[in-house]
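What follows is each chain in one-letter form.
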Amino acid sequence: MSTQTDLHTIELPVQGMTCASCVQRVEDALVELDGVRAAEVNLATNRASIQVDAEVHASELVEAIESAGYEVPTTTSTLTVQGMTCATCVSRVADALEDVEGVVAAEVNLATSRATVTHPPGSVDAAALRTAVEDAGYEVVESTDGESRAEAERTMREQERTSLKRQLIIAASATIPLFLLDMGTMWIPPFEAWVMDLVSEQALHIVFFALASIVQFGPGLRFYKKGWPALKAGAPDMNTLVMLGASAAYGYSVVATFLPNVLPEGTAHIYFEAAAVIITLILVGKYLEAIAKGRTSAAMQQLLELQARTARVVRNGVEEEIPVEDVMPGDTVVVRPGEKIPVDGTILRGASYIDESMITGEPVPAEKSAGDEVVGGTINKTGSFRFEATRVGADTVLSQIIDMVEAAQASKVPIQDLADRVVRYFVPAVMAVAAVTFGVWMLVGPAPALSMALVAAVSVLIIACPCAMGLATPTSIMVGSGKGAQMGVLFREGKALQQLREVQTVALDKTGTLTKGMPELTDLTTDGDESDVLRLVAALEQSSEHPIAEAIVRAAKERTLSLPDPEDFEAEPGMGVSGTVEGRSVQVGADRYMEQLGYSLDAWADTASTWADAGKTPLFAAVDGRVVAVLAVADTIKDSSPEAIRALHDRGLRVAMITGDNEHTAQAIARELGIDTVIAEVMPDEKVDAIKRLQEDGPVAFVGDGINDAPALAQADVGIAIGTGTDIAIESADIILVSGDVRGVANAYALSTATLRNIKQNLFWAFIYNTLLLPVAAGALYPVFGVLLNPMFAAGAMGLSSLFVLGNALRLRGFTPPLDVGSDVDLPDAEPQREPVTA
């Protein structure tokens with residue numbers, strides 16, 4: 001039963017309450033929870049004050065409020081944690097952070113050394129989080145003045161590599177002569193005779209003791225500093241296992257050297273070389289692991305290097321170079337040839353060609369002039385220009401890309417839950433197995449039983465360190481999401497990498513996704529001079545603001561036709577336009593408009609019908625009382641769309657198109673692209689219902705422009721936003737295709753498949769390693785083959801398991817996307833496609 005001192009109060013903000021009834025619903029939902037003693041909800045402040053027992057967690061309260069139909073707004077705090085070495089460390093830090101009052105959830109990533117804490121705004125003090133980490137036995141790395149978190153983390157990793165290298169050199173300097181002396185006297189009789197002529201056996205053992213002590217209490221001290229507090233706290237980790245294994249071998253050898261009479265006869269063997277080699281080999285593994293971890297973040301480093309360090313701005317009429325952090329919105333920034341553009345903005349004066357490949361994937365520099373937008377991090381190639389800064393600091397496209405990649409790399413995927421559950425109990429189980437192993441060998445083992453029991457128990461402790469299991473998932477996510485960023489595919493969360501692989505249907509919006517999103521004049525048939533007819537029609541249409549009129553005018557200007565101003569312009573909505581151009585009567589419009597004017601369309605009917613069946617909009621033009629031409633305007637398919645749809649089909653995915661366009665046009669485009677299912681004539685809010693219908697047959701990914709399609713993006717199992725760099729902040733999407741190329745969907749799916757396969761490989765080898773080698777270490781092979789694993793080999797195998805996982809994850813750096821998004825390609829004639837089905 002809880003006492004009054006066990007109770008504490010948690011304050012939570014609540015959104016969505018509108019009346020006293022809402023207050024009562026929230027209070028009822030809270031007090032129904034076990035451990036909640038009282039709840040007071042204030043409608044004016046939108047806050048709930050809950051008195052709870054010590055064991056009640058904030059996440060339970062948040063879940064209760066949300067189940068009642070209301071929302072608890074949350075934010076995240078990120079900490080860089082130093083000193084974690086295995087999956088048990090991760091679990092320990094996460095538990096410590098979640099125990100902080102007000103914390104809803106905590107995710108800790110071993111590969112990035114980062115902890116992400118979710119909590120209501122203002123409910124958690126940063127100092128409390130830091131204290132929780134430090135009390136768990138780890139350190140929080142703080143950024144110094146002018147240093148970003150990423151720079152602080154790089155500094156931390158570099159310091160860790162330097163420290164490991166220094167400790168490894170010290171350990172190796174003592175271990176190598178110890179190992180050579182011990183093994184040499186054991187296996188090379190002439191060498192043994194020569195050494196014994198120089199010193200006595202006891203003196204040699206004292207030399208071994210001195211060398212092993214240097215390793216044990218020099219470089220080996222790092223395992224004691226972490227392992228002993230973890231053991232005392234009841235949460236033993238990798239350091240604990242190494243500490244116990246090395247200490248057992250070292251301690252036994254000390255007794256055998258200085259107090260041999262206290263041991264049973266025939267068991268006074270020394271294992272100084274095993275104690276030293278264990279620590280040295282593990283340091284080798286940790287050092288190589290630190291180097292490999294640095295390579296997993298190579299893509300992140302490349303993104304950071306894209307950022308400009310300084311900017312040249314005009315202030316008070318004078319150009320001055322300032323740190324990019326000091327650029328303010330509205331500043332005039334000067335860019336010269338070959339320089340990086342420091343922030344996002346709009347060109348005021350000048351023109352140039354800019355390499356935007358990091359955003360668009362297009363290798364050809366883009367031509368830019370006054371009024372065009374530029375993106376920070378891209379490279380100015382030829383000209384000089386001035387632009388107005390519009391987005392600076394964290395608001396720039398590049399900063400948002402970096403934030404997304406960091407968030408994805410630090411997040412967890414559902415498949416990792418299995419490893420997390422196993423690791424929580426793994427180390428205590430290993431210690432229990434080691435104890436049982438020692439006992440069994442003492443009871444039934446051959447002479448000298450004590451020595452063999454010690455060797456088997458130490459081997460069990462060393463070989464079963466859970467480092468590989470802790471690295472199996474986050475390293476793959478880290479490399480995979482970084483590779484995605486290089487490809488222009490941004491994963492908001494690591495789980496999107498897994499969920500995309502599981503989808504069965506890819507649904508795509510039509511306008512702006514499969515099509516260019518801008519009507520174009522595609523066909524023109526006339527019984528007169530084509531250029532003259534187009535000139536007259538475009539001259540009349542330039543007074544209209546209709547998108548079809550803009551397409552006709554644009555086509556005329558592309559042919560450099562001069563367009564006179566029309567007179568007597570009139571527009572009939574839904575019908576057409578009329579007026580006088582250079583003294584000639586001109587009418588342009590739909591068939592019903594021509595028929596209303598009394599014109600016969602018999603000569604043009606077949607052509608217009610053919611174009612309409614192809615999804616185009618036919619228009620007729622009359623000049624001086626006679627129909628002289630039929631035109632077709634259409635939102636044309638992107639050059640990349642056919643290849644993208646074929647690639648999705650090749651991967652066994654069903655492809656659907658959801659559009660607000662009319663059924664006739666939608667079916668024509670679907671036939672041309674080979675789309676399986678068409679859902680047409682839907683409003684933006686109806687797209688959610690369309691996604692739900694598709695989800696009845698399995699998980700669905702929806703691809704849209706990220707603005708009108710936000711509800712559908714949120715409803716889909718995976719939302720993929722297509723757009724230029726300015727669209728990457730769309731909150732409703734799980735994945736952003738920065739280049740705006742729909743072929744990126746197939747590339748994202750292929751990367752998701754490769755990453756998930758890589759994770760499964762890592763988890764398989766991490767688990768199978770322990771499953772197979774733990775019995776070997778315990779001595780399972782001894783009764784049949786007479787083989788007992790030496791603890792030195794156990795230490796080497798443990799290090800190799802982590803390096804194997806890291807090396808396998810690094811293979812993702814060589815992933816090649818199946819489609820080239822950098823440029824459009826000439827496609828062969830399409831194969832006969834399946835007939836689309838209307839849903």
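The structure we're discussing is the one just above.
Residues numbered from 1 in each chain as written. Predicted model: local features only at pLDDT ≥ 70, side-chain atom pairs only at ≥ 80, totals over all residues. Heavy atoms only, no water.

1. Let's talk about the packing of helix H1 (residues 20–31) against helix H2 (residues 58–67)
Now for step 1: Between H1 and H2, the least distance of the axes is 9 Å, while the angle of their chain directions is 140°. One way to sum up the angle between H1 and H2 is to call them oblique. The chirality of how H1 crosses H2 is right-handed. Contacts from Val26, Ala29 and Leu30 of H1 reach H2 at Leu61, Ala64 and Ile65.
Now for step 2: Its residues placed into classes, the contact of H1 with H2 shows six nonpolar, no polar and no charged. (Axes fitted to C-alpha atoms, helices over the stretch in contact; angles between N-to-C directions. Helix = DSSP H or I, 4+ residues; strand = E, 2+ residues; numbered from the N terminus. Parallel < 35°, antiparallel > 145°, perpendicular 65-115°, else oblique. Left-handed = near helix turned anticlockwise from the far one by under 90°. Contact = heavy atoms within 4.5 Å. Nonpolar A, V, L, I, M, F, W, Y, C, P; charged D, E, K, R; others polar.)

2. Observations concerning the environment of Asp676
Now for step 1: Here Asp676 lies in the loop between helix H24 (663–673) and strand S26 (677–679).
Now for step 2: Here the alpha-carbon distance between Asp676 and Ala507, two residues 169 residues apart in the chain, equals 9.9 Å.
Now for step 3: Reaching out from Asp676, the side chain makes a polar contact with the side chain of His649 at a distance of 3.0 Å.
Now for step 4: Among the polar contacts listed, one links the side chain of Asp676 to the backbone nitrogen of Val655, at a separation of 2.8 Å. (Polar contact = N/O pair within 3.5 Å; in protein donor to acceptor, adjacent residues only side chain to side chain.)

3. Section: the nonpolar core
Now for step 1: Ranked by internal contacts, the top residues of the largest apolar core, which has 137 residues, are Met84, Leu97, Ile463, Phe491, Leu500, Ile720 and Ile735.
Now for step 2: Per-element tally for this core: the top contributor is helix H27 (residues 743–778), with 15 residues.
Now for step 3: In this structure Ile720 touches Leu500, Ala701, Phe702, Val703, Gly704, Leu713, Ile735, Leu737 and Val745, once residues within four positions along its chain are discounted. (Core = buried A, V, L, I, M, F, W, Y, C linked by side-chain atoms within 4.5 Å. Buried < 20%, exposed > 50% of the residue type's maximum accessible area, 1.4 Å probe, protein only.)

4. Quick look at the pattern of salt bridges
Now for step 1: Counted by the stated rule, this structure contains 23 salt bridges.
Now for step 2: Between Asp53 and Arg37 there is a salt bridge; the shortest N-O distance is 2.8 Å. With a gap of 16 residues between them, Asp53 in the loop between strand S3 (47–52) and H2 and Arg37 in strand S2 (residues 36–42) connect regions that are remote in the sequence.
Now for step 3: Between Lys510 and Asp635 there is a salt bridge, with the nearest N and O atoms lying 4.0 Å from each other. Of this pair, Lys510 sits in helix H18 (residues 510–514) while Asp635 sits in strand S24 (residues 626–637), placing them 125 residues apart in sequence. Across the pair, Asp635 and Lys510 agree in class, each one buried.
Now for step 4: Through salt bridges with shared partners, one network takes in Asp532, Arg535, Glu582, Arg584 and Asp624. (Salt bridge = Lys/Arg side-chain N within 4 Å of Asp/Glu carboxyl O.)

5. What about the packing of aromatic side chains?
Now for step 1: Scanning all chains against the criterion turns up 10 aromatic pairs.
Now for step 2: Judged by centre distance (5.5 Å) and plane angle (85°), the ring pair of Phe217 and Tyr250 falls under edge-to-face. With Phe217 in helix H7 (residues 201–217) and Tyr250 in helix H9 (residues 238–258), the pair connects residues that are 33 residues apart, well separated along the chain.
Now for step 3: Since its relative accessible area comes to 47%, Phe217 is described here as partly exposed.
Now for step 4: Arranged with centres 5.2 Å apart and planes meeting at 80°, the rings of Phe764 and Trp765 form a pair that is edge-to-face.
Now for step 5: Exposure remark for Phe764: the relative accessible area of 45% places this residue in the partly exposed category.
Now for step 6: For Trp765, a relative accessible area of 44% translates into the label partly exposed.
Now for step 7: Here the aromatic cluster, defined as three or more aromatic residues joined through ring pairs, consists of Phe209, Phe217, Tyr224, Tyr250, Phe258 and Phe272. (Phe/Tyr/Trp six-rings, centres within 6.5 Å; stacked < 30°, edge-to-face > 60°.)

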